[in-house]
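Read off the chains here:
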Amino acid sequence: MKNLYRSIPSVDVCLAALEAADPGLTHSLPRGLLRDMVTAFWDDLREDIRNERRRDTAALGLDAQLPAMLKKIRRALRSGLHPVLNAAGVVVHTNLGRSVLADSARWALDVAASGYCSLEMDGETGGRGSRHDVAEDLIRRLSGAEAGVVVNNNAAAVLLALDTFCKGGEVIVSRGELVEIGGSFRIPEILEKSGVRLREVGATNRTHLRDYQAAITENTRALLRVHTSNYRIVGFQSAVPLPQLAELARKRGLPLFEDLGSGCLVDLSPYGLPPEPTVASIIAAGADLVMFSGDKALGGPQAGIIAGRKALINEMKANPLMRALRCDKLCLAALEATLRVYLLNDAMKHIPTLRMIAVSPKELARKARSLAARIRKATQGHCGVTLRRGESRVGGGAFPECELPTTLVCVEPARISANVLKMRLLACEPPLVGRLEENAFCLDPRTIFSRDHSLIARLMAEALVTSGE
Ligand SMILES: *Cc1c(COP(=O)(O)O)cnc(C)c1O
C-alpha cells in the first residue's frame, strides 16, 4: 500500500502537466482553484487505495491519470445548464428542457437580451404600457378567444384562475380527472393551495352530466375540466362532452375552466397522432378559460397561456398574485416569436417539436442508416451496430398511449455491457442520453439533429475504445 501512495505525484508536477496538456484551461482559472481541484482529485484516489479499490501502481501514476484528471476538472468547470444530446426519442423530454425553440424564437431571445426592449412601453405615448399586450393579440387570433394572458407556466395559470375566481368556494372536478402530472403537480393539491374546496363528482371511469348538476350549490365557483395528459381510462368509461358541460355552466351562471395541459394549436391527426382537441376547438365548444403549457406540444418556452373571455382575463390581470406569476421579457420574446410561426402557418416546418413529431418513418430510417454508418466507421469492430424497428414518444404528458414508429440504431458493445456503455455516454462531454433495449444501447434519430451525427460517432468511439477507468 505504501508503494501505491508513493506513486501519487506532487501537486506542482500535476499543475505543470495540466499546463502542458491544456494551456487554455489553466490560463482561464485562478491558480488556487486549480490547486484545490488537483488536490481533491488525488484525495479521491487515496481514498480508493485505503479501501483497496486500487492495487496497480502503474495505473496510479501521473501519465495514466492525466486524462481522468483533465476530464474531472473540465466537468467541474462546465455550467450547471449544459447541452445534452437527446437520443432517447422522447420529443418533449422534461428532464432535458422540454421543447427546442424555433430559430425565430432564438433570434427574438437574442434581440431581447442584448438591448433594451418595449416590454412595458406604450408605443404611442412612450409612457407606461403593459407586458400583457405583447402576446395577447396572437393568442386571440390563434385560439379564437376574446382575450389572453401569459404567466410563468401552466401550473401558475391554474393557480391564478383558481385564486381569482374560486377562493373560499368549491370547484367541481370529475373523479376521472384528478390527475398527478410528473414533478408533483396534483390537481387536488393545487386546489387546496388556492384555498378552494374540491368537490369530486362521478366515478373514476364514468362521470355524467347529472353528477355535475347534483353537485352545484351556492358555494360552487366554477366547473373545472382537466386533461388527463399522462394516462388514459379505457374500456367502460365516459366523460361529459364539453358543449353539454358548457351549457350547464351557462345555465347556472358558473364559469367553465379547462386545464388542457399540453395545448395543441394545430391538429396533429394527419401526422398519425390520435385526434386531440385544439385550443380553438375548446374555446368554440364553450369553455370560458382554457389554460395550457408553452413548452409542451406547442414547442415554445416555459409559459402558461390562458385564453378566454375578456372580463375573466382582465380580472386575472388585475389580481395582485399576477405580479408573482408573470413572465419576463425573454420568455415573452420567445413565446411571441413561436406564436407568430403558427400565425404564418409555418409551424409544422419551423417548430422543432412539431417537426420531430411529424417526421416520416422513411426519413427516420434514412437518418438511422446514416448515423449507423458513422458509428460503425468510428468504432471499428468495438461494437455491433444494427437497425431495429422501435417506437418514440411525444412526452411531456401529451399523447401518452401513442407510440410513433421509428428506426433505432442499436449498439451492442463487444467488451462491455450495454449498461456500462450507457453510463460512459452519460459521463461524456456533452452527455448522450439513449435507452437500453435487449442488451443494446439504442439511439432514436427522431430527437437527434443531423448536425450532431459526427459528434455522436466520436463520443461512441470514446466510450467504447478508451477504458474510462
Ligand atoms: C403539464 C400539465 C400541467 C403543468 O404544466 P406546466 O407548464 O409544466 O406547469 C398542468 N396540467 C396538466 C393537465 C398538464 O398536463
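Residues numbered from 1 in each chain as written. Predicted model: local features only at pLDDT ≥ 70, side-chain atom pairs only at ≥ 80, totals over all residues. Heavy atoms only, no water.

## Side note on unusual backbone geometry
With the exception of glycine, most residues fall at negative phi, and the peptide bonds are largely trans.
Part 1: In this model, Glu429 is joined to Pro430 through a cis peptide bond whose omega is 0°.
Part 2: In this structure, Pro430 sits in the loop between helix H19 (418-426) and strand S14 (432-433).
Part 3: Positive phi values are uncommon outside glycine, yet Gln380 reaches one of about 35°.
Part 4: Position of Gln380 among the secondary structure elements: in the loop between helix H18 (361-379) and strand S12 (383-395).
Part 5: Under the relative-accessibility criterion, Gln380 is labelled exposed at 59%. (Helix = DSSP H or I, 4+ residues; strand = E, 2+ residues; numbered from the N terminus. Buried < 20%, exposed > 50% of the residue type's maximum accessible area, 1.4 Å probe, protein only.)

## Concerning the packing of aromatic side chains
Part 1: Throughout the structure, instances matching the rule amount to two aromatic pairs.
Part 2: With a centroid separation of 5.2 Å and an interplanar angle of 90°, the aromatic rings of Phe41 and Trp42 are classed as edge-to-face.
Part 3: Assessed through its relative accessible area of 2%, Trp42 is described here as buried.
Part 4: Ring plane angle 55° and centroid distance 5.8 Å describe the contact between Phe165 and Phe257, whose orientation is recorded as tilted. With Phe165 in helix H8 (residues 154-165) and Phe257 in strand S9 (residues 256-261), the pair connects residues that are 92 residues apart, well separated along the chain.
Part 5: On the basis of relative accessibility, which here comes to 14%, the residue Phe165 falls in the buried class.
Part 6: Since its relative accessible area comes to 1%, Phe257 is described here as buried.
Part 7: Above the ring of Phe236, the side-chain terminus of Arg206 is found at 3.9 Å from the ring centroid. (Phe/Tyr/Trp six-rings, centres within 6.5 Å; stacked < 30°, edge-to-face > 60°. Lys NZ or Arg CZ within 6 Å of the ring centre and 35° of its normal.)

## Points about the domain arrangement of the chain
Part 1: Taken domain by domain, the chain holds domain 1 (2-77), domain 2 (85-95 + 357-464) and domain 3 (103-350).
Part 2: Each of domain 1 and domain 2 has a C-alpha centre, and the two are 33 Å apart. (Domains from an automatic or database assignment.)

## Topic: the pattern of salt bridges
Part 1: Tallied over the entire structure, the rule returns 31 salt bridges.
Part 2: One salt bridge connects Arg309 with Glu146, and the closest N-O pair in it is separated by 3.9 Å. Linking Arg309 in the loop between strand S11 (304-308) and helix H13 (310-318) with Glu146 in the loop between helix H7 (133-143) and strand S3 (147-151), this pair joins segments that are 163 residues apart in sequence.
Part 3: Classification of Arg309 as partly exposed rests on a relative accessible area of 37%.
Part 4: Across the salt bridge formed by Arg435 and Glu437, the nearest N and O atoms sit 2.8 Å from each other.
Part 5: Taking the relative accessible area as the measure of exposure, Glu437 reaches 25% and is therefore partly exposed.
Part 6: Taken together, the shared-partner salt bridges in this structure form one network comprising Glu120, Arg128, Arg131 and Arg326. (Salt bridge = Lys/Arg side-chain N within 4 Å of Asp/Glu carboxyl O.)

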